[in-house]
Amino acid sequence: MLTAAALCPAPPLLARELTGADPVVPELRQACREAADVLVQADPDVVVVVGAGERTRAFDAAAAHLDLAPYAPALGARPAGPETLPLPLGLGGRLLDEAGYHGRRELQAVGADEPAPACAALGASLARTAPRVALLVMADGSARRSRRAPGHLDERSAAFDAAVGRAIRDGDMPALLALDAGLAGDLMATGRPAWQVLAGAVNGGRATSVIRYDDDPFGVAYLVASLTVG
Amino acid sequence: MSDAGAPQPGHPDGPDSAGMLRLGKRAFPPGQPLIMAIVNRTPDSFFQPGVTWSESAAFHRVDQAIAEGADIIDVGGIPAAPGSEVDVAEEIRRIAGFIAAIRSRYPDIVISADTWRHQAGRAACEAGADLLNDSWGGFDERLADVAAEFGAGLVCAHVGSQRPRTRPFRVAYPDVMADVLAQTLREANRALAAGVQPDRIVLDPAHDFGKNTWHSLEVTRRLDELTATGWPVLVSLSNKDFVGESLDLPPEHRLAGTLAATAVSAWHGARIFRVHQVRESRQVVDMVATIRGDRPPARTVRGLA
């Protein structure tokens, strides 16, 4: 069953080497590190990293890699052969590495169009894979929160992200399952399916949370939180 | 390439194998472009004549150049062009005390003396200069001895067969770049033989010196052949006639052309840029270093949030 979860955003700039000489978001990275540390300290049998991908599928944590060269060719391409992870899974794996986690790890992509019931079912099945399952959920809110945001301003973003933040803070999983996939798509909120996997994994349990970061420095909603499920 | 028997990179008597350039107390790796700010203690240099003739104006220029990102201050007491005679005593009077005053105010800045005369070089080194910037291709052979004696750096420039303070008159080369390579490498070897430290030797193709505009353009275009020697390369392009003749512009309107030539030279791997306009030049060489991948961008967020 699910015993703990961490929620982190997955923008490319979470990778320090992508922001040039300026760390740009040191507080965000610090909050993510703390969330990963707390997750690992919950002594899980397995950590499942969940994040958006082209389609729903698992990746082999031993064989697939984070590759940042597509975002910054100057970093140099990885040698051909190993499969490249969707960025959220790659960044999540890196957070576990940095937290010193060497235990069992699984990487689960969830398709951008996966409907809520399928997301919830996936979460429930992930939670059954071990007595103590921890989830590292890599999910972003709306990218349309301001005129300078990547998707420009959509006035509906504020209420959408506020609802997500409230649901995480209050452990209100049904509210996450009720998120409108169409609206999330309009708002470029790529985290919607992963949040719903989390909700399915909690599966009736009681979640309490600590919010570690909640801001949108570049017009994209970033939320970092630690959840304990009991 | 050259008949000068040039030492190659990594050779015990060639350029530093890691490409390090040492000037004064500082060590600079390849990929870090350096701006050398011109501060002329002359009443009659070609660009903004007399602007730093007074000591207070010159000091203001030094302060400003360093604030704008200069790594090296190049102090000169004699214009390159023909003009009223400046004897050794007068040259020393113009530069030595000023160099000492800069050294006192800025203990760590690299100071260069723009001179070809060994007596002036000696006075400059005694006052705290770290580099002897000889634009006249070793005309005074004893300058290298002075650099060696003081552990100073030496710029080895190409001037063809031209003598100090003369203008080129119908100069012609079968292959100007081959001549640049041969002469600068010959001078570098001579500097080594004189005892100048190998990681303090710099080559300068010396645009406009012993060259018409066609020659300077060719040298700019083929500068990678000089940087390929492994020796650090200095370029002095700032507002020069080859820029003016290329664009048909007087000295006060040559900044954009200078910066274009600066960018091409930086792309070809030049490491020191001797300039009048520090702020603009700093931006250009930093931008080119960033394009080359030698320097990270300052702050990248676009498309990455």
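Residues numbered from 1 in each chain as written. Chains lettered and ligands numbered in written order. Predicted model: local features only at pLDDT ≥ 70, side-chain atom pairs only at ≥ 80, totals over all residues. Heavy atoms only, no water.

A.B. asks: Whenever I open this one, the sheet that holds strand β9 (residues 234-236) of chain B confuses me. Can you help?
C.D. replies: Residues and elements named next belong to chain B. Spatially, β8-β7-β6-β5-β4-β3-β10-β9 is the arrangement adopted by the eight strands of the open sheet, whose pairing is parallel. Each end of this open sheet is capped by a strand with a single partner; those strands are β8 (201-204) and β9. If you compare each strand with its neighbour and ignore which way they point, the axes differ by 25 degrees on average. Contacts from helix α1 (residues 55-67) reach β3 (34-40) and β4 (72-76), with the element oriented near 170 degrees to β3. Lying on the sheet, helix α10 (residues 278-292) is in contact with β3 and β10 (272-275); it crosses β3 at an angle near 165 degrees. (Pairing = 2+ DSSP bridges. Helix = DSSP H or I, 4+ residues; strand = E, 2+ residues; numbered from the N terminus. Axes fitted to C-alpha atoms, helices over the stretch in contact; angles between N-to-C directions. Contact = heavy atoms within 4.5 Å.)

A.B. asks: Explain the packing of helix α3 (residues 118-127) of chain B against helix α4 (residues 142-150) of chain B here, please?
C.D. replies: Axis angle and axis distance: for two packed helices, these are the angle between their axes and the distance between the axes, and together they describe the pair. Residue and element names in this part refer to chain B. One way to put it is that α3 packs onto α4 with a least axis distance of 8 Å and a crossing angle of 15 degrees. Between α3 and α4, the interaxial angle falls into the category roughly parallel. α4 is crossed by α3, and the crossing has right-handed handedness. Here α3 contributes His118, Gly121, Arg122, Cys125 and Glu126 to the contact with α4, which in turn contributes Arg142, Leu143, Val146, Glu149 and Phe150. (Parallel < 35°, antiparallel > 145°, perpendicular 65-115°, else oblique. Left-handed = near helix turned anticlockwise from the far one by under 90°.)

A.B. asks: In this structure, what is going on with the state of the cysteines? I would like to understand it.
C.D. replies: Working definition: the covalent bond between the sulfur atoms of two cysteines is a disulfide. For the structure shown, the criterion picks out zero disulfides over all chains. Of the cysteine sulfurs around Cys125(B), a residue in no disulfide, the closest is that of Cys156(B), at 14 Å. (Disulfide = S-S within 2.5 Å.)

A.B. asks: Even after reading the chapter, I still don't get the packing of helix α9 (residues 255-267) of chain B against α10(B), so can you show me in this structure?
C.D. replies: Residues and elements named next belong to chain B. In contact at an axis separation of 9 Å, α9 and α10 are set at 30 degrees when each is read in the N-to-C sense. In this view, α9 runs roughly parallel relative to α10, as classed from their interaxial angle. Where α9 crosses over α10, the two elements pack in a sense that is right-handed. Mapping the contact onto sequence places Leu255, Leu259, Thr262, Ala263, Ala266 and Trp267 in α9 and Glu280, Ser281, Val284, Val285, Val288, Ile291 and Arg292 in α10. When the residues that make up the contact of α9 with α10 are grouped by side-chain class, the tally is nine nonpolar, two polar and two charged. (Nonpolar A, V, L, I, M, F, W, Y, C, P; charged D, E, K, R; others polar.)

A.B. asks: Help me out: how do you make sense of helix α4 (residues 157-170) of chain A in this one?
C.D. replies: For an α-helix, the turn length of 3.6 residues means that residues three or four places apart are oriented alike. Residue and element names in this part refer to chain A. In this model α4 runs 20 Å from its N-terminal to its C-terminal C-alpha over 14 residues, within 8% of the 20 Å that 1.5 Å per residue would give. Among all positions in α4, only Ser157, Phe160, Asp161, Val164, Gly165, Ala167 and Ile168 are buried. Across the axial projection of α4, the buried residues extend over an arc of 160 degrees, all falling on one side. Against β1 (2-8), α5 (173-177), α6 (181-186), α7 (192-202), β6 (207-215) and β7 (222-229) lie the buried residues of α4. Positive phi shows up at glycine 171, right after α4, with a value of about 65 degrees. (Expected span 1.5 Å × (residues − 1). Buried < 20%, exposed > 50% of the residue type's maximum accessible area, 1.4 Å probe, protein only. Arc of directions from axis to C-beta.)

A.B. asks: Looking at this model, I keep getting lost on the pairing of strand β7 (residues 153-157) of chain B. Mind explaining?
C.D. replies: Moving residue by residue along a regular strand, the side chains alternate between the two faces of the sheet. Residue and element names in this part refer to chain B. Burial within β7 is extensive, with five of its five residues counted as buried. Neither face of β7 is open: one carries Gly153, Val155 and Ala157, the other Leu154 and Cys156, and all of them are buried. When strand β6 (residues 131-134) meets β7, the two strands line up parallel, connected through four bridges. Residue pairing for β7: leucine 131 is matched across the bridge by glycine 153. Once the chain exits β6 it traverses α4 before rejoining the sheet at β7, and the crossover so formed is right-handed. (Right-handed = clockwise from strand over helix to strand, strands pointing away.)

A.B. asks: Can you help me understand the pattern of salt bridges in this one?
C.D. replies: If you walk through the whole model with that rule in mind, you get 33 salt bridges over all chains. Of the charged contacts in the structure, one is a salt bridge between Arg145(A) and Asp161(A), with a shortest N-O distance of 2.7 Å. On the criterion of sequence distance, the pair formed by Arg145(A) in the loop between β5 (133-138) and α4 and Asp161(A) in helix α4 is long-range, its members being 16 residues apart. The exposure class assigned to Asp161(A) is buried, which follows from its relative accessible area of 11%. Between Asp130(B) and Arg103(B) there is a salt bridge, and its shortest N-O distance comes to 2.6 Å. In this pair, Asp130(B) sits in the loop between α3 and β6 while Arg103(B) sits in helix α2 (residues 88-105), placing the two residues 27 residues apart along the sequence. Overall, Arg103(B) belongs to the buried group, its relative accessible area being 18%. What emerges from the salt-bridge pattern is a single network uniting Asp175(B), Glu218(B), Arg221(B), Arg222(B) and Glu225(B). (Salt bridge = Lys/Arg side-chain N within 4 Å of Asp/Glu carboxyl O.)

A.B. asks: For this particular structure, what's the right way to read helix α5 (residues 176-194) of chain B?
C.D. replies: Residues and elements named next belong to chain B. The terminal C-alpha atoms of α5, which comprises 19 residues, lie 27 Å apart, in line with the 27 Å expected from a rise of 1.5 Å per residue. N-cap assignment for α5: the residue whose side-chain oxygen lies 3.1 Å from the backbone N of methionine 177 is aspartate 175. The positive-phi residue at the C-terminal boundary of α5 is glycine 195, with phi of around 105 degrees. (Polar contact = N/O pair within 3.5 Å; in protein donor to acceptor, adjacent residues only side chain to side chain.)

A.B. asks: For this particular structure, what's the right way to read the interface of chain B and chain A?
C.D. replies: Quoted interface sizes are often the accessible area lost when the parts come together. Counting residues at the interface gives eight residues for chain B, matched by 13 residues for chain A. The junction of chain B with chain A conceals about 860 Å² of combined surface from both sides, 63% of it contributed by carbon and sulfur atoms. Sorting the residues of chain B by area buried against chain A places Arg299(B), Leu304(B) and Ala305(B) first, and these three jointly supply 59% of that buried surface. One can count one salt bridge joining chain B with chain A. One salt bridge in this structure joins Arg299(B) and Asp22(A), with 3.5 Å as the shortest N-O distance. The residue inventory of the side of chain B that touches chain A, partitioned by class, reads six nonpolar, one polar and one charged. (Buried area = accessible area lost by both parts, 1.4 Å probe.)

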